[in-house]
Amino acid sequence: MTINAIDITVLTESSSTESLLTTASLNTASGITCENCQACCCKLEVMIITDTGVPEEYIDRDEWGSEVMLRLDDGWCAAVDRDTLMCTIYENRPWICREFEMASYECEEERKEQGIDK
């Protein structure tokens, strides 16, 4: 038997009194895992459309005045740890980052565009 998809549910405590219940699907058929992710989505512009508690030092404004995640000169999100390629503000990451699923169609297309996959 081969398992092609796994649903993962994680309960995390937020800074408020609420708990966050997050469910993610991991599509193992694509071959994309946490170990080979390469964080290509962390090179995309991310608008901050809800208040998730992103620290001010990671917030920038685009040319229209909207809040976006600060990106460094090389295009990477300022919140990404360059050694681990993991988010340093994971519990407070923007809504868009929460919705961008690993191994989703969008993820696979971005990996192709950045030359990670064919």
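Remember, it's a predicted structure, so these values are computed and weren't measured experimentally.

Q: Mind showing me how you'd approach the pattern of salt bridges here?
A: Side-chain pairs of opposite charge can arise where the charged atoms are in close proximity. With the rule as written, the count across this model stands at four salt bridges. Put simply, E67 and R61 hold a salt bridge, and the shortest N to O gap is 3.5 Å. Residue classification places E67 among the partly exposed positions, given a relative accessible area of 27%. Judged by its relative accessible area of 51%, R61 falls in the exposed class. Taking the shortest distance from any N to any O, the salt bridge between K112 and E109 comes out at 3.5 Å. A residue pair is termed a helical-turn pair when its members lie 3 or 4 positions apart in one helix, as K112 and E109 do in helix α2 (residues 105-113) at three residues.

Q: Is there a simple way to explain the nonpolar core in this structure?
A: As a rule of thumb, nonpolar side chains are buried together in soluble globular proteins. Residues C42, V54, Y58, M69, C77, A79 and I89 are the most contacted members of the largest nonpolar core, which totals 14 residues. Ignoring sequence-local partners within four residues, the contact set of C77 consists of C42, M69, L70 and R71.

Q: What is the right way to look at the packing of aromatic side chains in this model?
A: What characterises a pair of aromatic rings is the spacing of the ring centres plus the angle enclosed by the ring planes. Under the defined criterion, the tally for this structure stands at zero aromatic pairs. We note R93 situated over the ring of Y90; from NZ or CZ to the ring centre the distance is 3.7 Å.

Q: Would you mind going over α2 with me for this structure?
A: Because each turn of an α-helix spans 3.6 residues, side chains separated by three or four positions end up pointing in the same direction. Burial in α2 covers these residues: C107, E110 and R111. Buried residues of α2, seen end-on, are gathered within an arc of 100 degrees and therefore sit on one face of the element. Seen from the open side of α2, the exposed residues pointing more than 90 degrees away from its buried face are Y105 and E113.

Q: Just to check I follow, could you spell out a nonpolar patch on the surface for this structure?
A: On the surface, a nonpolar cluster with roughly 370 Å² of combined accessible area is contributed by M47, I49, W95 and I96. Mapped onto the fold, I49 is located in the loop between β2 (19-27) and β3 (59-61).

Q: I tried to follow the side chain of T52 on my own but got confused; where do I start?
A: Following the sequence through the fold, T52 ends up in the loop between β2 and β3. At 3.0 Å, the side chain of T52 forms a polar contact with the backbone oxygen of N92. Ignoring anything within four residues of it in the chain, the contact list for T52 reads N92, R93, P94, W95 and R98.

Q: Could you clarify how one ought to interpret the environment of D62 in this entry?
A: The topology assignment puts D62 in the loop between β3 and β4 (67-69). Sequence separation between D62 and E45 is 17 residues; the distance between their C-alpha atoms is 9.5 Å. In this structure, D62 is in contact with E45 and V68, ignoring residues within four places of it in sequence. In this structure the side chain of D62 is engaged in a polar contact, spanning 2.9 Å, whose partner is the backbone nitrogen of S66.

What counts and what doesn't
Residues numbered from 1 in each chain as written. Predicted model: local features only at pLDDT ≥ 70, side-chain atom pairs only at ≥ 80, totals over all residues. Heavy atoms only, no water. Salt bridge = Lys/Arg side-chain N within 4 Å of Asp/Glu carboxyl O. Buried < 20%, exposed > 50% of the residue type's maximum accessible area, 1.4 Å probe, protein only. Helix = DSSP H or I, 4+ residues; strand = E, 2+ residues; numbered from the N terminus. Core = buried A, V, L, I, M, F, W, Y, C linked by side-chain atoms within 4.5 Å. Contact = heavy atoms within 4.5 Å. Phe/Tyr/Trp six-rings, centres within 6.5 Å; stacked < 30°, edge-to-face > 60°. Lys NZ or Arg CZ within 6 Å of the ring centre and 35° of its normal. Arc of directions from axis to C-beta. Patch = residues over 30% accessible without salt bridge, like charges linked within 9 Å, V, L, I, M, F, W, Y side chains within 5 Å. Areas by Shrake-Rupley, 256 points an atom, 1.4 Å probe, with all protein chains shown as cover. Polar contact = N/O pair within 3.5 Å; in protein donor to acceptor, adjacent residues only side chain to side chain.

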